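A closer look at the structure
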Amino acid sequence: MKLKTLTNMKAVVYSRYGAAEVLQPAEVPTPVPKDNEVLVKVQAASVNSWDWDLVTGKPLLYRLLFGIFRPRYPIIGSDIAGRVEAVGKDVTQFKPGDEVFGDISGSGFGAFAEYACAPAKVLALKIPSMTFEQAAATPQAGVLALQGLRQGQLAAGQKVLINGAGGGVGTFAVQMAKVAGAQVTAVDRADKLDLLRSLGAAHVMDYRREDFTKTAHTYDLILDMVAWHSVADCRRALNPGGRYVIVGGKVGALIKTATLSSWSKPEGKQVGLLVHKPNAKDLHELNLMFRAGTVVPVIDRLYPLSETAEAVRYLGEGHVRGKVVITL
């Protein structure tokens with residue numbers, strides 16, 4: 001492995017918790033890949049919900065993992081898409097010039113920069129028909145949707161409710177469930193419902209006007225991205241033998257779900273918390289879905305790297321339809 005004359009690169013960094021304005025453009029040393037890593041020249045990156053959490057330092061429990069008094073990782077961002085610049089000596093599946101994408105949240109983040117290092121095992125080749133922007137929008141949200149539906153044992157003919165369906169994970173999950181032959185009910189804000197219908201939802205629900213846990217309808221699978229309701233309420237909305245899988249939400253709700261998932265399961269109803277596992281195999285499966293035209297990432301807005309703070313602020317406001325993408 002030999003790097004060219006790379007010294008410094010443009011990045012967006014922060015050194016304290018706060019509002020989005022703590023994210024500032026800077027020049028920092030270009031990272032050098034380890035033996036099992038790939039150095040990627042980033043063409044696009046996407047913003048995820050926990051980028052907002054990392055910036056604000058909330059919930060406080062996150063600081064035990066990411067820095068109690070100040071951020072442990074000065075450059076955030078999980079999803080990258082770009083071209084391989086160099087590879088470590090143990091990497092055989094990629095070479096310089098390859099177009100790749102992946103989720104680097106498990107290896108120190110760093111997507112909001114001109115270059116990022118990532119373990120080869122979390123990257124996959126990008127298919128030519130997929131733009132870098134589409135590729136960057138796919139890894140974390142697409143894999144979470146895929147793994148959540150897999151954990152929920154999605155099957156044709158099921159009635160599936162997706163709560164928080166208008167965000168990054170939800171828009172992928174609606175498409176996947178529809179293609180699998182499920183009857184999908186999508187729950188989100190009123191201004192996202194037309195989008196959700198266009199993605200394949202048979203029924204839509206504005207959560208501000210209707211509570212899905214208090215209707216007469218029940219479901220074989222509930223995939224929950226926001227976890228606003230109690231586990232008991234969601235369990236009541238399940239059919240016998242149904243499954244409730246929580247993908248995201250407030251830390252308190254996640255901890256409670258993890259606890260309750262080990263309790264007794266009346267009528268065979270299952271409660272589970274998804275543990276995200278970035279991996280190349282699932283990225284390959286998403287490639288196949290994209291090539292077949294069955295799943296397409298929904299991109300709300302594009303921002304240049306210099307406007308990353310604005311992109312993170314927009315996501316933090318909670319109005320995003322699908323994904324927000326940073327372009328370089």
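Refer to the structure presented above.
I will try to describe carefully the structure that is included in this document. (Residues numbered from 1 in each chain as written. Predicted model: local features only at pLDDT ≥ 70, side-chain atom pairs only at ≥ 80, totals over all residues. Heavy atoms only, no water.)

Some thoughts on the overall build of the protein
Operational definition: Working definition: helices are DSSP H or I runs of at least four residues, strands are E runs of at least two. Numbering for both runs from the N terminus. Atoms counted for the radius of gyration: C-alpha only. Globule rule: 2.2 Å times the number of residues to the power 0.38. For each residue, the accessible area found with a 1.4 Å probe, counting protein chains only, is set against the maximum for its type, and the residue is called buried under 20%, exposed over 50%, and partly exposed in between. By definition, residues are in contact when any of their heavy atoms lie within 4.5 Å. What sets the accessible areas is the Shrake-Rupley method with a 1.4 Å probe; for residues, cover comes only from the shown protein chains.
Helix and strand counts for the protein stand at 10 helices and 15 strands. Over its C-alpha trace the protein gives a radius of gyration of 20 Å, about what one expects of a compact globule, namely 20 Å for 328 residues. Dimensions of the protein, computed from C-alpha atoms along their principal axes, come out at roughly 65 × 45 × 35 Å. Within the protein, the fraction of its 328 residues that count as buried is 55%. Counting contacts in the protein only where the partners sit at least 6 residues apart, residues at least 24 apart contribute 68% of the total. Here the protein has roughly 14,500 Å² of accessible surface; of this, 54% comes from carbon and sulfur atoms.

Observations concerning the nonpolar core
The criterion, for reference: Within this scheme, the nonpolar core is defined by two criteria: the residues are buried Ala, Val, Leu, Ile, Met, Phe, Trp, Tyr or Cys, and they are joined through side-chain atoms within 4.5 Å.
Of all hydrophobic cores here, the largest spans 50 residues; its most connected members are Val38, Phe94, Phe112 and Leu123. Sorting the residues of this core by element identifies β1 (8-13), β3 (37-47), α1 (49-56), β4 (79-87), β6 (115-119), α10 (308-316) and β15 (323-327) as the ones contributing at least two each. The element contributing the most residues to this core is β3, with six residues. With residues near it in sequence (within four places) discarded, phenylalanine 112 still touches Ala11, Val12, Ala45, Ser46, Val47, Asp51, Ile75, Ile76, Gly77, Leu305, Thr308 and Ile326. Ile162, Ala165, Phe172 and Leu223 belong to the second largest nonpolar core, which has 46 residues in total.

Here's the deal with the pattern of salt bridges
The criterion, for reference: When a carboxyl oxygen of Asp or Glu lies within 4 Å of a side-chain nitrogen of Lys or Arg, that pair is called a salt bridge.
Counted by the stated rule, this structure contains 16 salt bridges. In this structure, the salt-bridge partner of aspartate 35 is lysine 89, at a minimum N-O distance of 3.8 Å. One end of the pair, aspartate 35, is in the loop between β2 (24-29) and β3; the other, lysine 89, is in the loop between β4 and β5 (99-103), and 54 residues separate them in sequence. Here lysine 89 falls in the exposed class, since its relative accessible area comes to 61%. Among the ionic pairs, lysine 95 bridges to aspartate 98, the shortest N-O distance being 3.0 Å. Overall, aspartate 98 belongs to the buried group, its relative accessible area being 12%. Via salt bridges that share partners, Glu21, Glu310 and Arg313 belong to a single interconnected network.

Notes on the environment of lysine 121
Tracing the backbone shows lysine 121 in the loop between β6 and β7 (123-125). A C-alpha to C-alpha distance of 9.0 Å links lysine 121 and proline 278, two positions 157 residues apart in sequence. Not counting residues within four places of it along the chain, the set of residues in contact with lysine 121 comprises Asn279 and Ala280.

A look at α10
Listed as buried for α10 are Thr308, Ala309, Ala311, Val312, Tyr314 and Leu315. Its buried side turned inward, α10 meets β1, β3, α1, β14 (299-304) and β15. Phi turns positive one or two residues past the end of α10, at glycine 318, with a value near 85°.

What about the environment of arginine 243?
As for its placement among the helices and strands, arginine 243 is situated in strand β12 (residues 238-246). Arginine 243 gets classed as partly exposed once you look at its relative accessible area, which sits at 22%. Sequence separation between arginine 243 and arginine 313 is 70 residues, and the spatial gap between their C-alpha atoms is 34 Å. Setting aside chain neighbours within four positions, we find arginine 243 in contact with Gln151, Gly152, Gln153, Asp220, Leu221, Ile222, Leu238 and Gln270.

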